[in-house]
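# Coordinate inspection notes
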Amino acid sequence: MFGRALTSIFWGMLADIYGRKPVMVFGTATIVVFNTLFGFSKSFWLALISRFLMGLLNGMLGPVRAYVSEICTLEYQAFGLAMVATMWAVGLIIGPAIGGYLSQPSDKYPSLFPSGSLFDQFPYALPCLCISVAAFLGVIVGLFLPETLHKHDRSVECNPCNSEKKFVPKDTVISIKEGNDIDIATSRTVYLSFNKIKWKNKGMISSIFLYFIWGLHDMAYSEVIFSLWAVSPKQYGGLGLTTSDVGTILSVSGFVLLVFQLVAFAPLANRFGAIQLIQCSIVITLPLVVVFPLIQTTDGVTLWSLLISANVIKNILSVISQRGFANGVSMSLASFGRAVGPACAGTLFSWAQERLDSWFLPGMWIVFFILAVVALVSLIFTFEPILPKSLLHPLPERPWEDVTTQKLERSSSFTLG
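Residues numbered from 1 in each chain as written. Predicted model: local features only at pLDDT ≥ 70, side-chain atom pairs only at ≥ 80, totals over all residues. Heavy atoms only, no water.

## Things to note about the UniProt feature "transmembrane region" (unreviewed entry) in the protein
Spelled out, the test is: UniProt positions are given in the numbering used here, feature names are shortened, and annotations may be inferred rather than shown by experiment. Only runs of H or I of at least four residues qualify as helices and only runs of E of at least two qualify as strands under DSSP, and these elements are numbered from the N terminus.
With numbering aligned to this structure, UniProt lists the feature "transmembrane region" (unreviewed entry) at residues 21-38, 44-68, 80-102, 122-145, 208-229, 249-268, 275-295 and 364-383. Taken end to end, residues 275-295 comprises 76% helix and 0% strand; its first and last C-alpha atoms sit 31 Å apart. The annotated region residues 364-383 carries 85% helix and 0% strand content, and the separation between its end C-alpha atoms amounts to 30 Å.

In structure tokens:
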């Protein structure tokens, strides 16, 4: 995540200059190389460097969104962008299952992977190799994708009803969607305005910082706290589950999250608005994470029912907040938050296990309490005047421009993510 924070804007710029396809194919290829290297790492530093390079050299998320918005006709743009989030949710189903069931294969499947075999020496190489194979297939598919970025040596003046004349300079990179070519000869009003970032814009700064805080909170929970808590022995406040158990829980949660995004998110966003959804999700998150340690006192069917339900609800609340935040430059700061989050959470987790007998929030109680405090900070930043309600419509409708122009400008805003 730290590597991604350093280069996400850079990859978005390259995608605007040289095309979406090369950035997407190169990013997928880096997964093949560095994910395999990670699986066969025998030292902490080699594992760390391989993960850092995979983030540094992979800037696909923004270009993928731009590519989908450009390759779809206008009536299917919203559906195409929704499918990006949907495929992410599908990955949340398949990924944890691969990691949970294929890690430490010599312990789980000794008849297939005997002691002393390759995957006994490298107990986490098998799931990494499976993911690398999937990424390799993605590289092959990517080579056959059409490029959606084209260069046009034209200058077009905007509609005179706009008091300030603007021009599309020559050699400006303009994205054209197949079936929706811009007919300049008929004097349609078209121009692309890539708005400059105004660092004095309080609303933008607030949304970026909010995205950073929530990225820290969400990654600390999902990547470190939940997994470590689930597999830690009960004497240390954990649940004593296996990696297969964790994979099952995360896969079930991912499936429910997929259904939620397909069925419920869009109606909720249209009905209540992004900021209201963010506030509501954080308010529910606060008591939820505080009572997580109580699950450790249960067992059997009750334990599994509470654990899966709590994790499903937590993930749904997280995706509501993530999809409501601003896009673009905030993605870089969110990646930085997601880099800091696991490091802080790991340190916090270790510290919590050293204070099991403390009179104030012993053991895991302090971990989930601090997680709730971070969520509370996020909640505070969602209210005016810190976060203005105008961000519900960050790109205002301009009646002097046709729908195609505004769609093109919106699609360009996805690239920097």
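## What to know about the nonpolar core
Rules: Throughout, nonpolar core names a set of buried Ala, Val, Leu, Ile, Met, Phe, Trp, Tyr and Cys residues whose side chains join them through atoms within 4.5 Å. Here's how the labels work: a residue is buried when its accessible area is under 20% of the maximum for its type, exposed when over 50%, partly exposed in between, all with a 1.4 Å probe on protein chains only. Whether two residues are in contact is decided by their heavy atoms: any pair within 4.5 Å suffices.
Core analysis: the largest hydrophobic core is formed by 35 residues, its most contacted members being W229, F292, L307 and F368. What F368 contacts, discounting residues up to four positions off in sequence, is Y221, I225, W229, V289, F292 and P293. In terms of nonpolar packing, the next biggest core, distinct from the first, is built from eight residues, F260, F265, V312 and I320 among them.

## Brief notes about the confidence of the model for the protein
Our working definition: Known as pLDDT, the predictor's per-residue confidence is scaled from 0 to 100.
Per-residue pLDDT for the protein has a mean of 77; in total, 76% of the residues score no lower than 70. Every residue in residues 394-417 is under pLDDT 50, and counting partners more than four places away or in other chains gives 57 contacts.

## Details of the packing of helix α5 (residues 77-102) against helix α10 (residues 243-263)
Here is the rule: Every angle, taken between N-to-C directions, lies between 0 and 180 degrees, and every axis is a line fitted to C-alpha atoms, over only the stretch in contact when it is a helix. Geometric relationships in this document are graded by angle, where less than 35 degrees denotes roughly parallel, more than 145 denotes roughly antiparallel, 65 to 115 denotes roughly perpendicular, and other angles denote oblique. Residue classes follow a fixed rule: Ala, Val, Leu, Ile, Met, Phe, Trp, Tyr, Cys and Pro count as nonpolar, while Asp, Glu, Lys and Arg count as charged, and any other residue, Gly among them, counts as polar.
Between α5 and α10, the least distance of the axes is 7 Å, while the angle of their chain directions is 170 degrees. Relative to α10, α5 is oriented roughly antiparallel. In this structure, α5 contributes A85, T86, A89, V90, L92, I93, P96, A97, G100 and Y101 to the contact, and α10 contributes T243, S244, G247, T248, L250, S251, G254, F255, L257, L258, Q261 and L262. Counted by class, the contact of α5 with α10 contains 13 nonpolar, nine polar and no charged residues.

## Concerning the packing of helix α1 (residues 2-18) against helix α3 (residues 44-56)
The line we're drawing: Helix crossings get a hand from a simple test, with the near helix turned counterclockwise from the far one by less than a right angle marking a left-handed crossing and a clockwise turn marking a right-handed one.
Two elements in contact, α1 and α3, have axes separated by 7 Å at closest approach and are oriented at 20 degrees. Taken together, the axes of α1 and α3 are roughly parallel relative to one another. Of the two elements, α1 crosses α3, and the hand of that crossing is right-handed. Counting all contacts with α1, which are made through F2, G3, R4, L6, T7 and W11, the residues of α3 involved are F52, G55 and L56. Partitioned by chemical class, the residues of the contact of α1 with α3 number five nonpolar, three polar and one charged.

## Notes on the environment of R20
Filter applied, for reference: Here a polar contact is recorded for every N or O atom pair within 3.5 Å, except that within protein the pair must consist of a potential hydrogen donor and a potential acceptor, and residues adjacent in sequence are included only if both atoms are side-chain atoms.
With respect to the secondary-structure elements, R20 resides in helix α2 (residues 20-39). Taking the C-alpha atoms as reference, R20 lies 6.3 Å from Y67; in sequence the two are 47 residues apart. A distance of 2.6 Å separates a polar atom in the side chain of R20 from a polar atom in the side chain of D16.

## So, the pattern of salt bridges
To be explicit about the condition: Any carboxyl oxygen of Asp or Glu within 4 Å of a side-chain nitrogen of Lys or Arg constitutes a salt bridge here.
Counting across every chain of the model gives two salt bridges. For the salt bridge of R20 with D16, the shortest nitrogen-to-oxygen distance reads 2.6 Å. The two residues R20 and D16 agree in class, both being buried. A salt bridge links E70 to R20, with the shortest nitrogen-to-oxygen separation between them at 2.4 Å. Of this pair, E70 sits in helix α4 (residues 61-71) while R20 sits in helix α2, and the two are 50 residues apart along the sequence. A single burial state applies to E70 and to R20, both of which are buried. In the salt-bridge network here, residues are joined through shared partners; they are D16, R20 and E70.

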